[in-house]
Amino acid sequence: MPTFSAYDGTSLACHTEGEGEPLICLPGGPMRASAYLGDLGGLTAGRTLMRLDLRGTGDSAVPDDPGTYRCDRQVDDVEALREHLGLERADILAHSAAGNLALLHAAAHPERVRSLTLVTPGTRAVGVEATEQDWRDAVALRKGEPWYEAGHQAWEAYLGGAELDDLWPDIVPFMYGRWDAAAREHAADDAHQSNPQARSAYFADGAFDPPATAKALAVLEAPVLVLAGEYDGGPTPARAERTAALFRHGTAVVQRGAGHYPWLDDPGAFTRAVTGFLDSAVTGAAAGPA
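Being a predicted model, the structure only gives us computed values, none of them experimental.

Visitor: Requested: an account of unusual backbone geometry, with residues and values cited.
Guide: Residues other than glycine predominantly adopt negative phi, and peptide bonds predominantly adopt the trans conformation. Cis geometry marks the peptide bond from Gly29 to Pro30, where omega comes out at -5 degrees. Structurally, the position occupied by Pro30 is in the loop between strand 3 (21-26) and strand 4 (47-53). Going from Gly234 to Pro235, the amide bond is cis rather than trans, its omega being 5 degrees. Notably, Ser96 is not glycine yet its phi reads approximately 55 degrees, a positive angle. Within the secondary structure layout, Ser96 lies in the loop between strand 5 (90-95) and helix 2 (98-108).

Visitor: Lay out the packing of aromatic side chains in plain terms, naming residues and giving numbers.
Guide: What the rule picks out here adds up to twelve aromatic pairs. Aromatic pair Trp147 and Phe174: ring centres 4.9 Å apart, planes at 85 degrees, arrangement edge-to-face. Taken together, the residues Trp147 in the loop between helix 3 (132-140) and helix 4 (148-159) and Phe174 in the loop between helix 5 (164-171) and helix 6 (181-188) connect sequence positions 27 residues apart. Here Trp147 matches Phe174 in class, with each residue buried. Ring centres of Trp155 and Tyr158 lie 6.0 Å apart, and the angle between their planes is 65 degrees; on these two criteria the pair is classed as edge-to-face.

Visitor: Got a sec to walk through the pairing of strand 4? Specific residues and values, please.
Guide: Along strand 4, seven of the seven residues are buried, which leaves the element largely enclosed by surrounding structure. Burial of strand 4 is two-sided: the residues Arg47, Leu49, Arg51 and Asp53 facing one way and the residues Thr48, Met50 and Leu52 facing the other way are all buried. As defined by bridge partners, strand 2 (residues 11-18) adjoins strand 4 across six bridges and the pair is classed as antiparallel. Bridging across to strand 4, Ala13 finds its partner in Asp53. Pairing geometry for strand 3 and strand 4, over five bridges, is parallel. Residue pairing across strands places Ile24 opposite Met50, the latter belonging to strand 4.

Visitor: I'd like a rundown of helix 9 (residues 210-217), residues and numbers included.
Guide: The complete set of buried residues in helix 9 reads Thr213, Ala214 and Leu217. One side of helix 9 carries all its buried residues, which in axial view fall inside an arc of 95 degrees. In helix 9, those exposed residues whose orientation departs by more than 90 degrees from the buried face are Pro211 and Lys215. Next to the buried residues of helix 9 lie helix 2.

Visitor: For the pattern of salt bridges, give the residues involved together with the corresponding values.
Guide: Should their charged atoms come close, side chains of opposite charge can pair. With the rule as written, the count across this model stands at 20 salt bridges. The partner of Arg47 in a salt bridge is Asp91, and the shortest N-O contact between them spans 2.8 Å. Of this pair, Arg47 sits in strand 4 while Asp91 sits in strand 5, placing them 44 residues apart in sequence. Residue Arg47 is classed as buried on the basis of its relative accessible area of 6%. Assessed through its relative accessible area of 2%, Asp91 is described here as buried. Glu79 is paired through a salt bridge with Arg82; the nearest N and O atoms lie 2.8 Å apart.

Visitor: I'd like to hear about the sheet that holds strand 7 (residues 224-229), residue by residue, with values.
Guide: Whether parallel or antiparallel, the strands of a sheet pair through hydrogen bonds between backbone atoms. Read from one edge to the other, the open sheet built from eight strands follows the order 1-2-4-3-5-6-7-8, with strand pairing classed as mixed. Of all strands in the sheet, those bounded by a partner on one side alone are strand 1 (3-5) and strand 8 (250-255). Between one strand axis and the next, the sheet turns by 25 degrees as a mean value, whatever way the strands run. Here strand 6 (residues 113-119) pairs with strand 7 via four bridges, running parallel. Its bridge partner being in strand 7, Val119 is matched across the sheet by Leu227. Its contacts with the sheet put helix 1 (residues 75-85) on strand 1, strand 2, strand 3, strand 4 and strand 5, and the angle it makes with strand 1 is roughly 120 degrees.

Visitor: Describe the nonpolar core, with residues and values.
Guide: Within the largest apolar cluster, 47 residues are counted, with the highest numbers of intra-cluster contacts made by Leu26, Ile92, Leu101, Leu103, Leu116 and Leu118. For Leu118, the contacting residues outside a window of four places in its chain are Ala94, Gly99, Ala102, Leu103, Val224, Leu225, Val226 and Leu227. Core analysis: the next-biggest nonpolar cluster, separate from the first, contains 33 residues, Val119, Val139, Trp155 and Leu159 among them.

Visitor: Describe the pairing of strand 6, listing the residues and the values that go with them.
Guide: Most of strand 6 is tucked away, with seven of its seven residues classed as buried. Two elements, strand 5 and strand 6, share six bridges in a ladder whose sense is parallel. The residue of strand 6 that forms the bridge with Ala90 is Val113. Following the chain from strand 5 across helix 2 to the adjacent parallel strand 6, one finds a crossover that is right-handed.

Visitor: Before we move on, could you go through the state of the cysteines and cite the residues and values that matter?
Guide: By definition, a disulfide links the sulfur atoms of two cysteines through a covalent bond. Enumeration according to the criterion identifies zero disulfides in this entry. With no disulfide of its own, Cys14 has Cys25 as its nearest cysteine by sulfur position, at a separation of 8.7 Å. In this structure Cys71 is not part of a disulfide, and its nearest cysteine sulfur, from Cys25, lies 17 Å away. Here Cys71 falls in the buried class, since its relative accessible area comes to 0%.

Calculation rules
Residues numbered from 1 in each chain as written. Predicted model: local features only at pLDDT ≥ 70, side-chain atom pairs only at ≥ 80, totals over all residues. Heavy atoms only, no water. Helix = DSSP H or I, 4+ residues; strand = E, 2+ residues; numbered from the N terminus. Phe/Tyr/Trp six-rings, centres within 6.5 Å; stacked < 30°, edge-to-face > 60°. Buried < 20%, exposed > 50% of the residue type's maximum accessible area, 1.4 Å probe, protein only. Pairing = 2+ DSSP bridges. Arc of directions from axis to C-beta. Contact = heavy atoms within 4.5 Å. Salt bridge = Lys/Arg side-chain N within 4 Å of Asp/Glu carboxyl O. Axes fitted to C-alpha atoms, helices over the stretch in contact; angles between N-to-C directions. Core = buried A, V, L, I, M, F, W, Y, C linked by side-chain atoms within 4.5 Å. Right-handed = clockwise from strand over helix to strand, strands pointing away. Disulfide = S-S within 2.5 Å.

This is the structure in structure tokens:
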């Protein structure tokens, strides 16, 4: 497990697995250890996944300054990893809350991004946020599931202001396309893979300037894939389309039957979509401008 130093001397861990060109992978949570990404449905067959444990998570060290957990202050960590890997331009994949980190990094260092894959991303950084109605609409899609009634009541309680931790066991099935044994095991790992202090600091005031970030990303030349799950509320397929439209070369794809972790719900569909995008991105980069 390679380690490298961040700008402030914090030791960060990068887990390497697979064959082929490197793909930097940023985990969500926010601030969940990258182990939950696994091999991303088998992407390791054609790509070397470089899974970063964000500071204070997994095998990365806890920083001296907890204020550096804020999303925008971790942009330099992504740059430090790119430099550590010796990549002139990087292919970057980000899941969930890490979508914000990847967007901020691309806005700050557009010349260092070869492609950007956003998987069921958080996009608060560009002012595209899931609404209560988005989640209600997503919840309604799961009517008929044996856990629907309890989950629906939990969602309404949460949207009404109740604490999420107490309701999470009933809410979490909505995050998966199939609430089977694999999904249950994956969800159970969250508690010991996440850093609560870091999670609460990730979205601290001052992290985002959506108009400035959206303006910077509007001229990004790298191709961008925004992959949404059919059953996900954050983002919904419509929000994913809106996010993709922010880019010159943005594409939105909806994975049918998937929730917030599409590589678990249908690994084949997920890897086909991402591999196809990455292969075309590499070809386009190799060809250069006409």
